[in-house]
Amino acid sequence: MSLFVRNEKQRQWIEKIGQLADEFQQTAAEDDEQGRFPAEKIQKLRDSGYTAITVPKSHGGAGISVYDMLLFQERLAQGDAPAALSIGWHLSVMGELGEGNSWDEDVFAFIAKEVQNGAVINRAATEAKTGSPTRGGRPGTAAVKKDGKWVVNGRKTFTTMSQALDYFLVTAWIEEKQTTGVVLVHKNDPGVTIEETWDMMAMRATGSHDLVLNEVTLDDNKLVELLQGPRGAKPNGWLLHIPAVYLGVAQAARDYAVRFASEYSPNSLKGPIKDVPAVQQRTGEMELELLNAKHFLFHAAELYDDPERRPYLKNELGAAKHIVTNAALSVVDKAMRIVGAKSLERTNPLQRYYRDVRAGLHNPPMDDAVIQKLAAEAFH
Ligand SMILES: Cc1cc2nc3c(=O)[nH]c(=O)nc-3n(C[C@H](O)[C@H](O)[C@H](O)COP(=O)(O)OP(=O)(O)OC[C@H]3O[C@@H](n4cnc5c(N)ncnc54)[C@H](O)[C@@H]3O)c2cc1C
């Protein structure tokens, strides 16, 4: 056990996930370089049972808490952040839905069973014109009722894990209801294609390609959600899977820099650079930032997991995302300063962490939205 790992179930999963993280790490640089989505890693996560752990107990799953998920996700990200972010979306979707949803019960029971059997799911909510769905833009993708079925047309961007997904939760404009809703689409539904558009400098191995829907025809009960406001209006602790990933990246950068500083011994010094005051200073600062971020994140998760305290949460979840993501950026920066120019070598993992950690700024909620909500609360 440790300060954060508090029970046997957590310890067993950390061990299992740790082994997979160490294995995935060996090919993370290659996947990044080629911008290749590692479907085989998702398969290994399926085989380990990991993809089913947020299925609620009411539907036969392990029903783990947000706190548990963060522990495992942070560890996985230390080895392979793109794989962790990819599966994190899936885990968080099932966790969120397991807390209660407005779905047709038969459809939800079916999906829960599919996930128990290895299916993976993610939300496809972003479009080129709306940008982040948290801003409340109206989707260009539309679902129109024809002969009792929903006919869906449109294009979603940033669909993480697109090549491995079995199900997509597609945000669409529902003409009949004059509101935004979510339709459940299967990868083999006629009219569904993936266009391989993802070519970013960060999180290159997440396969976050475009999902194209051309006359996709769905049964009536596949309209599973109607949104009252922009997504993100209701507190959703499961989204903390995002900062957990960037915390993992920061931890990996810190570990690399500490190891490097303990071993690198240029001939201008009597020993390794770890004894140089500037390196000590930066290392201490990295530790402080990591402690701050980790404690805030896990405490926010604990508050969310406690049904009696959850109603009192105001902006803590958004604040956790902001604090952790920015701390992670800063820690990676400091780790690179400690290592020096070698951190820029294309074979050095730090340059990958440097690129990957920046993606956190563009995952929800974005910094400006968090700050704006805090200010609004102050003047409330
Ligand atoms: C690695 C990665 C994986 C992702 N995976 C998924 C996924 O699986 N599914 C999914 O649906 N999405 C996913 N996304 C998309 C993500 O959630 C965002 O929608 C996307 O990054 C666009 O965000 P943005 O802030 O750049 O876009 P925009 O909203 O276009 O913002 C661009 C700029 O304009 C400003 N801006 C735009 N609108 C407003 C406004 N109304 N008010 C104030 N400022 C505004 C923003 O502050 C920002 O500076 C992923 C993103 C990344 C980076």
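Quick caveat: nothing in here was measured; it's all calculated off a predicted structure. (Residues numbered from 1 in each chain as written. Predicted model: local features only at pLDDT ≥ 70, side-chain atom pairs only at ≥ 80, totals over all residues. Heavy atoms only, no water.)

Asker: For the packing of helix 4 (residues 81-98) against helix 5 (residues 105-116), give the residues involved together with the corresponding values.
Answerer: For the pair helix 4 and helix 5, the least separation of the axes is 12 Å and the interaxial angle reads 145°. In this structure, helix 4 meets helix 5 at a crossing whose hand is left-handed. For the pair helix 4 and helix 5, contact is made by His90, Met94, Leu97 and Gly98 and by Phe108, Ile111, Ala112 and Val115, respectively. A breakdown of the residues in the contact of helix 4 with helix 5 according to their chemical character gives six nonpolar, two polar and no charged. (Axes fitted to C-alpha atoms, helices over the stretch in contact; angles between N-to-C directions. Helix = DSSP H or I, 4+ residues; strand = E, 2+ residues; numbered from the N terminus. Left-handed = near helix turned anticlockwise from the far one by under 90°. Contact = heavy atoms within 4.5 Å. Nonpolar A, V, L, I, M, F, W, Y, C, P; charged D, E, K, R; others polar.)

Asker: So, the site of the ligand: which residues are in play, and what are the values?
Answerer: In the region of the ligand, 19 residues are neighbours, and Asn122, Ala125, Thr126, Phe158 and Thr160 sit closest. Between an oxygen atom of the ligand and a side-chain N or O atom of Asn122, the distance comes to 2.8 Å. Taking Ser132, its main chain carries an N or O atom lying 2.9 Å from an oxygen atom of the ligand. With the chains in place, 66% of the 960 Å² that the ligand exposes on its own is no longer accessible. Sorting the residues of the shell around the ligand by element identifies helix 4 and strand 1 (121-124) as the ones contributing at least two each. Here the residues of the shell around the ligand sort into nine nonpolar, seven polar and three charged. Both of domain 2 (121-226) and domain 3 (237-378) provide at least three residues apiece to the shell around the ligand. (Near = heavy atom within 4 Å. Polar contact = N/O pair within 3.5 Å; in protein donor to acceptor, adjacent residues only side chain to side chain. Areas by Shrake-Rupley, 256 points an atom, 1.4 Å probe, with all protein chains shown as cover. Domains from an automatic or database assignment.)

Asker: Which residues make up the pattern of salt bridges, and what values go with them?
Answerer: This model, assessed by the stated rule, comprises 30 salt bridges. As a salt-bridge pair, Lys149 and Asp219 come within 2.7 Å of each other at their nearest N and O atoms. Here Lys149 is found in strand 3 (residues 149-159), whereas its partner Asp219 is found in the loop between strand 7 (209-218) and strand 8 (223-226), with 70 residues between them in sequence. By relative accessible area, Asp219 is classed as partly exposed at 37%. (Salt bridge = Lys/Arg side-chain N within 4 Å of Asp/Glu carboxyl O. Buried < 20%, exposed > 50% of the residue type's maximum accessible area, 1.4 Å probe, protein only.)

Asker: Give a description of the UniProt feature "domain: Acyl-CoA dehydrogenase C-terminal" (unreviewed entry) in the protein chain that names residues and reports values.
Answerer: UniProt annotation of "domain: Acyl-CoA dehydrogenase C-terminal" (unreviewed entry) refers to residues 242-360 when read in the numbering used here. Secondary structure within residues 242-360 divides into 71% helix and 0% strand; the distance between the first and last C-alpha atoms comes to 7 Å. (UniProt positions renumbered as here; feature names shortened; annotations may be inferred.)

Asker: Tell me what's going on with helix 1 (residues 8-34), and back it up with residues and numbers.
Answerer: With 27 residues, helix 1 ought to run about 39 Å at 1.5 Å a step, and its terminal C-alpha atoms sit 39 Å apart, in line with that. Along helix 1, the residues that are buried comprise Gln10, Trp13, Ile17, Gly18, Leu20, Ala21, Phe24, Ala28, Asp31 and Asp32. The backbone nitrogen of Lys9 lies 3.2 Å from a side-chain oxygen of the residue at the head of helix 1, namely Asn7. Gly35 sits one or two positions beyond helix 1 and adopts a positive phi of about 55°. (Expected span 1.5 Å × (residues − 1).)

Asker: Break down unusual backbone geometry for me, citing the residues and quoting the values.
Answerer: Negative phi is the rule for most residues except glycine; trans is the rule for most peptide bonds. Here the bond from Pro364 into Pro365 is cis, since omega is -10°, no more than 30 degrees from zero. Relative to the helices and strands, Pro365 is located in the loop between helix 9 (349-358) and helix 10 (367-378). Backbone geometry at Phe158 places phi at a positive 55°, although glycine is not the residue there. Here Phe158 lies in strand 3. Its relative accessible area of 43% is what places Phe158 among the partly exposed residues. In this model, Glu215 sits at a positive phi of 55°, which is unusual for a non-glycine residue.

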